[in-house]
Amino acid sequence: MPVSEVNALVAAKRVLVLAGNENVLKQISKGSWIGGTIPYFMNDSGGCIDKERVFVTDFTDVITEFKICDYNTANLPSLINDRRSGGFSWLVVPGFSQIHYKFALEVSSYPDLFDIPVMGWITGVDLSELGKNSPKTVNGLTGTFYENSAVAIHLSLPDNKYPNLEIINLFEQGSGDILTFNEDGFSAKECLVNGKSMNFANYIIQNNIDTRLPLVADYSGAMINISIQSVDQEKGIAFYAPVLKNIEYKIAKPVDNYIKAFNQVIPSETSKVIGSCNCILNYLYSELEGKKTGNLTGPITFGEIAYVLVNQTMVFMTIEDK
Amino acid sequence: MIPDINRPEWEDLISGQITPKITSLSFQLKLNNLKLSVSLKKIDLKSAANDLHKYCIAQEKLYQKDLNLIFK
């Protein structure tokens, strides 16, 4: 949507989540919105990079109340109690920041996390500008841009509605080795391969593992991915989300044709979807530019939030009738 | 209607005695979290089962399909 149209929505006091390049978000008036920087999108025409328009998710017609809150590394745990009973929260977190790492490492230990949905995404930049520009979040009420604070909008729903947060993950565990780690972290030098300690980079190289395939953990049926960022025999393996001790991972089975596989699992009924996002790695590895993922549109992000941080996964929220 | 807490399936789910194909993301994540807590001895099996039962009461509509699968 062009900036002028977004500003018209803001002026009409619509309650919004905005995704766009930093230069366009800076042109949006203050109002009841939160936002995050990202120039990659899945729109009605397919995957694209767009630095002129804004992707708008408008909650106004489905909610009864909202509250916008900022979270730094000190007050992040208060996110849980700020959520609205029976409602849901939408969270944007700046990529590659301390708050990103803290959220990813700690959120699963927060009490009652799974009682109220928290959906959202990790903000990013044009990949060609990595290291030059930093991903940011925005509190639209104050107009503040953050490099190291998350921003959430907590939303209440009418009594006759409830939210449902789901994922579409085309990856599942392969039949290979069981990989475990002795500590939580966004990087690992060592891993346990079927219980035996190994240099993880050597393991990846010696086994000729395609690093576009994520590590996959089976959370009682939910496949949760950890994507590999880089492989360095000295520094170890860097990940886009943390590996956790006490969790068993396997390298994913390859997905031959993402679009075909996606269209086989996408819900047939998408009219209740109020928002979704997909991963930049799916966009890159599956070459989604110009290709559609059903009717689901949204930003293409540097990490997706479905209660916890996930990678290479589409996340979407529906509002259902009780 | 949520099945009574005395049904053995609650503890069987957490202990892994039964592994139905649950489809709701939040149910999967909650169950996994409780399984992990029990395996790390942070809570006992009975407390975890009680927690899961209470959780499902609050999310009854959302989990109806999964509960029907578990409590055949």
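Computed from a predicted model, the values in this text were never measured in an experiment.

Regarding the nonpolar core
Consideration 1: By size, the foremost hydrophobic cluster in this structure holds 123 residues, and its most contacted members are L91, F200, L215, F239 and Y249 of chain A together with L52 of chain B.
Consideration 2: If you look at the next biggest cluster of nonpolar residues, it comprises 12 residues, including V10, L18, I28 and V54 of chain A.

A short note on the packing of aromatic side chains
Consideration 1: In this structure the tally under the stated criterion is 15 aromatic pairs over all chains.
Consideration 2: Both rings, one in F181 of chain A and one in F200 of chain A, keep their centres 5.5 Å apart while their planes meet at 75°; by these two values the pair is edge-to-face. Placement of the pair is F181 of chain A in the loop between β13 (179-180) and β14 (185-188) and F200 of chain A in helix α5 (residues 200-206), with a sequence separation of 19 residues.
Consideration 3: Looking at F181 of chain A, the relative accessible area reads 4%, which means it is buried.
Consideration 4: An aromatic cluster of at least three residues, connected via ring pairs, comprises F181, F200, Y203, F239 and Y249 of chain A.
Consideration 5: It is K26 of chain A that lies over the ring of F145 of chain A; its NZ or CZ is 5.6 Å from the centre.
Consideration 6: Sitting over the face of the ring of Y55 of chain B, K30 of chain B holds its NZ or CZ atom 5.1 Å from the ring centroid.

Details of the confidence of the model for chain B
Consideration 1: Summarising the model, chain B shows a mean pLDDT of 94, and 100% of its residues fall at 70 or more.
Consideration 2: Scored as a whole, the predicted complex attains pTM 0.93, and scored at its interfaces, ipTM 0.93.

Quick word on the sheet that holds strand β22 (residues 273-279) of chain A
In a beta sheet, neighbouring strands pair by backbone hydrogen bonds and run either parallel or antiparallel.
All names here are of chain A.
Consideration 1: Taken together, the 6 strands give an open sheet; going across it, the order is β4-β3-β23-β22-β26-β12, and neighbouring strands pair in mixed fashion. Of all the strands in the sheet, just β4 (46-49) and β12 (161-168) have a single pairing partner and so form its edges. Looking at each pair of strands side by side, their axes are set apart by 25° on average, direction ignored.
Consideration 2: One ladder, built from 2 bridges, connects strand β3 (residues 40-43) with strand β23 (residues 298-301); its direction is antiparallel.

Remarks on the interface of chain A and chain B
By a widespread convention, an interface's size corresponds to the accessible area lost as its parts come together.
Consideration 1: With 21 residues of chain A at the contact, the number on the chain B side is 17 residues.
Consideration 2: Here chain A and chain B share 0 salt bridges between them.
Consideration 3: Linking chain A with chain B are 8 residue pairs in polar contact (both at pLDDT 80 or more), by the criterion used here.
Consideration 4: Residue assignment for the side of chain A that touches chain B shows that the elements contributing at least two residues are β12, β17 (215-219) and β18 (222-226) of chain A.

A closer look at the layout of surface pockets
Consideration 1: Of the voids in this model, the largest pocket is the one considered here, and its volume is about 1100 Å³.
Consideration 2: When residues in the lining of the largest pocket are grouped by element, the largest group, 5 residues, is from β12 of chain A.
Consideration 3: Taken together, the residues that form the lining of the largest pocket break down as 19 nonpolar, 9 polar and 8 charged.
Consideration 4: Put simply, the second largest pocket is a space of about 780 Å³.
Consideration 5: Put simply, the parts of the chain that give the lining of the second largest pocket at least two residues each are α4 (98-106), β17, β18, β20 (236-243) and β25 (308-310) of chain A together with α2 (25-39) of chain B.
Consideration 6: Per element, the largest residue contribution to the lining of the second largest pocket is 7 residues, and it comes from α2 of chain B.
Consideration 7: Here the residues of the lining of the second largest pocket sort into 23 nonpolar, 6 polar and 7 charged.

A closer look at the pairing of strand β16 (residues 196-199) of chain A
Consideration 1: Relative to β16 of chain A, strand β15 (residues 190-193) of chain A runs antiparallel, the two being bridged by 4 bridges. Its bridge partner lying in β16 of chain A, C191 of chain A is registered against M198 of chain A.

Rules of the game
- Residues numbered from 1 in each chain as written.
- Chains lettered and ligands numbered in written order.
- Predicted model: local features only at pLDDT ≥ 70, side-chain atom pairs only at ≥ 80, totals over all residues.
- Heavy atoms only, no water.
- Core = buried A, V, L, I, M, F, W, Y, C linked by side-chain atoms within 4.5 Å.
- Buried < 20%, exposed > 50% of the residue type's maximum accessible area, 1.4 Å probe, protein only.
- Phe/Tyr/Trp six-rings, centres within 6.5 Å; stacked < 30°, edge-to-face > 60°.
- Helix = DSSP H or I, 4+ residues; strand = E, 2+ residues; numbered from the N terminus.
- Lys NZ or Arg CZ within 6 Å of the ring centre and 35° of its normal.
- pLDDT = per-residue confidence, 0-100.
- Pairing = 2+ DSSP bridges.
- Axes fitted to C-alpha atoms, helices over the stretch in contact; angles between N-to-C directions.
- Contact = heavy atoms within 4.5 Å.
- Salt bridge = Lys/Arg side-chain N within 4 Å of Asp/Glu carboxyl O.
- Polar contact = N/O pair within 3.5 Å; in protein donor to acceptor, adjacent residues only side chain to side chain.
- 1 Å grid on protein atoms, 1.4 Å probe; cavity = no way out; pocket = protein on both sides within 12 Å on 5 of 7 lines; lining within 4 Å.
- Points joined across faces, edges and corners; volume = space filled by probe spheres on them.
- Nonpolar A, V, L, I, M, F, W, Y, C, P; charged D, E, K, R; others polar.

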